[in-house]
Protein chains: 2
Amino acid sequence: MKKGMILMKKFEEKTTHTEKIYDGKVVKLQVDDVVLPDGETSKRELIKHPGAVGVIPITKENKIVFVEQYRKPLEQSLVEIPAGKLEEGEAPKVTAKRELEEETGYTVREPMAFVASFYTSPGFADEMMHLYLAKNLELVGYPATGDDDEFIELVELTLEEAKQYVKNKRIHDAKTNYAVLYLETLERM
Amino acid sequence: MKKGMILMKKFEEKTTHTEKIYDGKVVKLQVDDVVLPDGETSKRELIKHPGAVGVIPITKENKIVFVEQYRKPLEQSLVEIPAGKLEEGEAPKVTAKRELEEETGYTVREPMAFVASFYTSPGFADEMMHLYLAKNLELVGYPATGDDDEFIELVELTLEEAKQYVKNKRIHDAKTNYAVLYLETLERM
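What counts, and at which threshold
Residues numbered from 1 in each chain as written. Chains lettered and ligands numbered in written order. Predicted model: local features only at pLDDT ≥ 70, side-chain atom pairs only at ≥ 80, totals over all residues. Heavy atoms only, no water. UniProt positions renumbered as here; feature names shortened; annotations may be inferred. Buried < 20%, exposed > 50% of the residue type's maximum accessible area, 1.4 Å probe, protein only. Helix = DSSP H or I, 4+ residues; strand = E, 2+ residues; numbered from the N terminus. Pairing = 2+ DSSP bridges. Expected span 1.5 Å × (residues − 1). Arc of directions from axis to C-beta. pLDDT = per-residue confidence, 0-100. Axes fitted to C-alpha atoms, helices over the stretch in contact; angles between N-to-C directions. Contact = heavy atoms within 4.5 Å. Buried area = accessible area lost by both parts, 1.4 Å probe. Salt bridge = Lys/Arg side-chain N within 4 Å of Asp/Glu carboxyl O. Polar contact = N/O pair within 3.5 Å; in protein donor to acceptor, adjacent residues only side chain to side chain. Nonpolar A, V, L, I, M, F, W, Y, C, P; charged D, E, K, R; others polar. Core = buried A, V, L, I, M, F, W, Y, C linked by side-chain atoms within 4.5 Å. Least-squares fit on C-alpha atoms with pLDDT ≥ 70 in both. Domains from an automatic or database assignment. Phe/Tyr/Trp six-rings, centres within 6.5 Å; stacked < 30°, edge-to-face > 60°.

- For chain A, the name recorded in an unreviewed UniProt entry is ADP-ribose pyrophosphatase, with Lentibacillus kapialis as its organism.
- The UniProt entry for chain A carries this comment under Cofactor (unreviewed entry): "Mg(2+)".

Describing the pairing of strand 9 (residues 113–119) of chain B
Residues and elements named next belong to chain B.
Step number 1: Extensive coverage of strand 9 is indicated by the burial of five of its seven residues.
Step number 2: Looking at chain direction, strand 9 and strand 10 (residues 128–134) are connected through six bridges and run antiparallel. Bridge pairing in strand 10 links Ala113 to Leu133.

Some details on helix 1 (residues 92–104) of chain A
Residues and elements named next belong to chain A.
Step number 1: The end-to-end C-alpha distance of helix 1 is 18 Å, a good match for the 18 Å that 13 residues give at a rise of 1.5 Å each.
Step number 2: Thr95, Ala96, Glu99, Leu100, Glu103 and Thr104 are the residues of helix 1 that are buried. Seen along its axis, helix 1 keeps its buried residues to an arc of 135 degrees; they face one direction.
Step number 3: Once helix 1 ends, the next one or two residues include Gly105, with phi positive near 80 degrees.

Points about the confidence of the model for chain A
Step number 1: Mean pLDDT over chain A stands at 93; residues scoring 70 or higher make up 93%.
Step number 2: Across the assembled chains, the prediction reports ipTM 0.94 with pTM 0.94.

With respect to the sheet that holds strand 10 (residues 128–134) of chain A
All names here are of chain A.
Step number 1: Taken together, the four strands give an open sheet; going across it, the order is 7-4-10-9, and neighbouring strands pair in mixed fashion. Because the sheet does not close on itself, it has two edges, and the strands there are strand 7 (83–85) and strand 9 (113–119). Across the sheet, the mean angle separating the axes of adjacent strands is 20 degrees when strand polarity is ignored.
Step number 2: Relative to the sheet, helix 1 contacts strand 4 (52–57), strand 7 and strand 10, its axis offset from that of strand 4 by approximately 60 degrees.
Step number 3: Along the sheet face, helix 3 (residues 174–188) touches strand 4, strand 7, strand 9 and strand 10 and points at about 40 degrees away from the line of strand 10.

Remarks on the interface of chain B and chain A
The figure often quoted for interface size is the accessible area lost as the parts come together.
Step number 1: The partner chain A presents 76 residues to the 76 residues of chain B that form the contact.
Step number 2: For the pair chain B and chain A, the summed buried surface comes to about 7100 Å²; carbon and sulfur atoms form 62% of the total.
Step number 3: Where chain B packs against chain A, one counts four salt bridges.
Step number 4: Of the charged contacts in the structure, one is a salt bridge between Lys10 of chain A and Glu68 of chain B, with a shortest N-O distance of 3.7 Å.
Step number 5: Applying the counting rule to chain B against chain A returns 24 residue pairs in polar contact (both at pLDDT 80 or more).
Step number 6: Secondary structure elements with two or more residues in the side of chain B that touches chain A: strand 1 (14–23), strand 2 (28–35), strand 3 (41–48), strand 5 (64–71), strand 6 (76–80), strand 9, strand 12 (152–157) and helix 3 (174–188) of chain B.
Step number 7: Its residues assigned to classes, the side of chain B that touches chain A shows 34 nonpolar, 16 polar and 26 charged.

Remarks on the nonpolar core
Step number 1: In terms of nonpolar packing, the biggest core is built from 52 residues, with Ile56, Phe66 and Tyr178 of chain A together with Ile56, Phe66 and Tyr178 of chain B touching the most fellow members.
Step number 2: Residues within four places of Tyr178 of chain A in sequence aside, it is in contact with Val115, Ala116, Phe118 and Leu131 of chain A together with Asn177, Tyr178 and Leu181 of chain B.

Comments concerning the relation of the copies chain B and chain A
Comparison of the two chain copies shows a relationship of rotation about an axis with a shift along it.
Step number 1: In screw terms, the move from chain B to chain A is a rotation of 180 degrees and a rise of 0.0 Å along the axis, fitting with an RMSD of 0.0 Å. As the rotation angle and translation indicate, the two copies are arranged about a two-fold axis.

Things to note about the domain arrangement of chain A
Step number 1: Split into domains, chain A comes out as domain 1 (14–48) and domain 2 (53–120 + 128–188).
Step number 2: For domain 1 of chain A and domain 2 of chain A, the distance between their C-alpha centres works out to 32 Å.

Digging into helix 2 (residues 159–167) of chain B
Residues and elements named next belong to chain B.
Step number 1: For helix 2, every residue scored as buried is listed here: Leu159, Ala162 and Tyr165. Looking down the long axis of helix 2, one finds its buried residues gathered within 110 degrees of arc, a one-sided arrangement.
Step number 2: The inward-facing, buried residues of helix 2 contact strand 5, strand 6, strand 12 and helix 3.

Overview of the packing of aromatic side chains
Residues and elements named next belong to chain B.
Step number 1: Considering all chains together, one arrives at six aromatic pairs over all chains under this definition.
Step number 2: Their ring planes at 70 degrees and their centres at 6.0 Å tell us that Phe114 and Tyr132 sit as a pair that is edge-to-face. On the criterion of sequence distance, the pair formed by Phe114 in strand 9 and Tyr132 in strand 10 is long-range, its members being 18 residues apart.
Step number 3: Accessibility expressed as a relative area gives 43% for Phe114, which makes it partly exposed.
Step number 4: Among the residues examined, Tyr132 registers a relative accessible area of 6% and is labelled buried.
Step number 5: With 5.3 Å between their ring centres and 55 degrees between their planes, Phe118 and Tyr178 make a pair best called tilted. Of this pair, Phe118 sits in strand 9 while Tyr178 sits in helix 3; the two residues are 60 residues apart in sequence, bridging distant segments of the chain.
Step number 6: Owing to a relative accessible area of 1%, Phe118 belongs among the buried residues under this scheme.
Step number 7: Given the relative accessible area of 6%, Tyr178 is considered buried.

This is how it looks when you write it as structure tokens:
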């Protein structure tokens, strides 16, 4: 168990059977038969995901660096903070720095600060998102290509502009909405 | 298209084939073959979800009302704001008020304020979360039962206590972390 983590088991649901439905590149799906606290039974549909990192990247000119990309599940593109799936055995901070460099061409020399972590959708998925703050970015000239099957475009915004993007729903996902709200709180301190 | 929504299609990925893998109570899973902007092909694993609402409930004594429940995908219980899946054809605000009453026994007489909406995990799922603020709660005495297969316990906290729960990771999901951060920004205004 990780340091500082309190794993609560209240109302635990015991698994009596697991049916593995799908084992994909990004997600696995299984359906568990469970026994509820009152002895009744139910089924739980569970998505397994390796977890992810997101970086809140701030340039020396105090611009926030976002990436715009097409999100197939939504059939639209969104403006998001750079992010990526965790790699087996890689520390989240290492993944975060790599994704920042690959997706934006910026790197960070100083240590990134931990901002928050959260399960994105605990009702049906185990994906955890880890968020870091990367300040005083340096452009190192990597092209912003992402992975082979990722097409992305950089969008650099002031905080005020980012708030407008949230209003227009061009920024419209949990980690990025959280990031913009977080920067608002920093500004007010 | 909803009012005020800008649906961007940049880097659109055209679907050439859809394989339906699973159609469950909560999620559906499909795998789409897509053509990328450069003409190459790839596969996308997509979770379809009806969407969800969350309510940030504040009592007249300025306590925030959370619910603790077991989250099977995580094999632990979390302290979260009341939330639930959208019902077909039901407005998010109506679902939100019903979930508040069912899960907490509190209701709200004044209109709830819209706080935010966001896709929880746009890389693989289309679930959208809608968040509302419910103030000046009234206890109407419904037992806090939730659905048939939900076991929940009320946890009423001050904002300071809630921030401690975030630190201890007993609050540890996107909508609830967002809610606590949102209440922090309100306090600072």
